[in-house]
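Single-letter residue listing:
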Amino acid sequence: MAKDKVQIFDTTLRDGEQVPGCKLDTAQKLVLAERLEELGVDILEAGFPISSPGDFNSVSEISKLIKNATVCGLTRAVEKDIKVAAEALRYAKKPRIHTGIGTSESHIKFKFKTSQEEVIRRAVAAVTYAKSFVEDVEFFAEDAGRTDNEYLARVCEAVIKAGATVLNIPDTTGYCLPEEYGAKIKYLKENVTGIDKAILSCHCHNDLGLATANSVSGAINGARQIECTINGIGERAGNTSLEEVVMILKQHPDLNLDTNINTRLLFDTSKMVSQKMGMPVQPNKAIVGTNAFAHSSGIHQDGVIKNRGTYEIIDPEDVGVSESSIVLTARSGRAALAYRAKNVGYELTKLQLDTVYDNFLKFADVKKEIVDSDIHEIVETSNIKLESLA
């Protein structure tokens, strides 16, 4: 049975760049855009063209560069925004205008100070105008996560009739629980007339740490596009992490969902984004953190040395990491010490290992981590005959 494709919509260069201090110039954006296309993203959101001359130029230059992916520009539901985005995208081989408006009671009442019917009118007008420039129009219902499902369905029906090809259902504030967000996607799938003419898309924020879980739940319930960023960067607590959703779908074949991402480029792409944005990746970050495939507990180390699958559900090479690492600390056991000692040239007998291990613990209690040069010192200062070592 063929797997359903989930399109990956990367917004590292738009939503990701909204992180304070992570501004990129056009040259940097072009380097990352080229890598993202190589990675296999289906849609690349290049920027918000009307926001600044620099962003307009970046979207324009990325449009010239990208050969296979769809290039997308963000707009508000404002005619000038849409016209400027269309101008920035005129060189794109596959252009998409991404326009929308807030649909929650909070946005309608406090942000726009208007009515539900007026929001639908503005939404339809924006999609209709965008459609006069490009065939591919994505509509976002901002704060859809807190929007009443029945009203959200009415908005979706209206914009589909106006020509929207993708419906972005954002959990803008990261408020939804996975079951709640998945149920929302399922409701739209089952209750929106004409839904077969559009793709449902997940755009989830991480305010409660649920962006990845919500996006996967959305895909399980019928969404076929996930909007995400490398390293999960983005507004406030960030966006759905590209590497996380991609590897979840890959590691769970029972979901029958797949992407076009070349996962072996994930680790290197993560490093590129981190370096160019000056945004360090936390060591315990899933998939791409420096500790994602590192083991320091003796029990875990012993298991991994015997069989990697005991504590690793992903082959490190699948995401571009050369190998797992056995990190020596005061919590490490004899198996890990013997393994690392062998790597630097010492084949220890059981009796030798017992003696060296006692010496190792004295070093490990002083240092946070034991490196290769320390192993030489530990062995050579242990009460064993070096000539008996292999």
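Reading guide: rules and limits
Residues numbered from 1 in each chain as written. Predicted model: local features only at pLDDT ≥ 70, side-chain atom pairs only at ≥ 80, totals over all residues. Heavy atoms only, no water. Helix = DSSP H or I, 4+ residues; strand = E, 2+ residues; numbered from the N terminus. Buried < 20%, exposed > 50% of the residue type's maximum accessible area, 1.4 Å probe, protein only. Contact = heavy atoms within 4.5 Å. Areas by Shrake-Rupley, 256 points an atom, 1.4 Å probe, with all protein chains shown as cover. Lys, Arg positive; Asp, Glu negative; His and termini not counted. Charge placed at Lys NZ, Arg CZ, Asp CG, Glu CD. Phe/Tyr/Trp six-rings, centres within 6.5 Å; stacked < 30°, edge-to-face > 60°. Lys NZ or Arg CZ within 6 Å of the ring centre and 35° of its normal. Salt bridge = Lys/Arg side-chain N within 4 Å of Asp/Glu carboxyl O.

## Looking at the overall build of the protein chain
- Looking only at helices and strands, the protein chain features 14 helices and 12 strands.
- The buried share of the protein chain, taken over its 390 residues, is 53%.
- Relative to all contacts within the protein chain whose residues are 6 or more apart in sequence, the contacts with residues 24 or more apart total 73%.
- When the accessible area of the protein chain is evaluated, it comes to approximately 17,600 Å², of which 51% is carbon and sulfur surface.
- Of the side chains in the protein chain, 46 bear a positive and 55 a negative charge, and the two mean positions are spaced by 3 Å.

## Considerations on the side chain of Asp143
- Inspection of the secondary structure assignment puts Asp143 in the loop between β6 (136–142) and α6 (149–162).
- If near-sequence neighbours (up to four positions away) are discounted, Asp143 is found in contact with Thr103, Ser104, His107, Pro170, Thr172 and Thr173.

## A few points about the packing of aromatic side chains
- Taken as a whole and judged by the stated rule, the model has two aromatic pairs.
- Here the aromatic rings of Tyr129 and Phe133 are separated by 5.0 Å at their centres, their planes lie at 85°, and the arrangement is edge-to-face.
- Residue class for Tyr129 comes out partly exposed when judged on its relative accessible area of 22%.
- Overall, the relative accessible area of 36% leaves Phe133 in the partly exposed class.
- Its end group placed over the ring of Tyr91, Lys64 keeps NZ or CZ at 4.7 Å from the ring centre.

## A closer look at the pattern of salt bridges
- Under the criterion given, the structure shown has 30 salt bridges.
- Here Glu243 makes a salt bridge to Lys285, at a shortest N to O gap of 2.9 Å. On the criterion of sequence distance, the pair formed by Glu243 in helix α9 (residues 242–251) and Lys285 in the loop between α10 (266–277) and β11 (294–295) is long-range, its members being 42 residues apart. Comparing Glu243 with Lys285, the two get one shared label, buried.
- Between Arg264 and Asp318 there is a salt bridge, and its shortest N-O distance comes to 3.7 Å. You can see Arg264 sitting in the loop between β10 (257–258) and α10 and its partner Asp318 sitting in the loop between α11 (298–306) and β12 (325–326), a full 54 residues away along the chain.
- A relative accessible area of 48% places Arg264 in the partly exposed class.
- What emerges from the salt-bridge pattern is a single network uniting Glu17, Lys23, Lys29 and Asp55.

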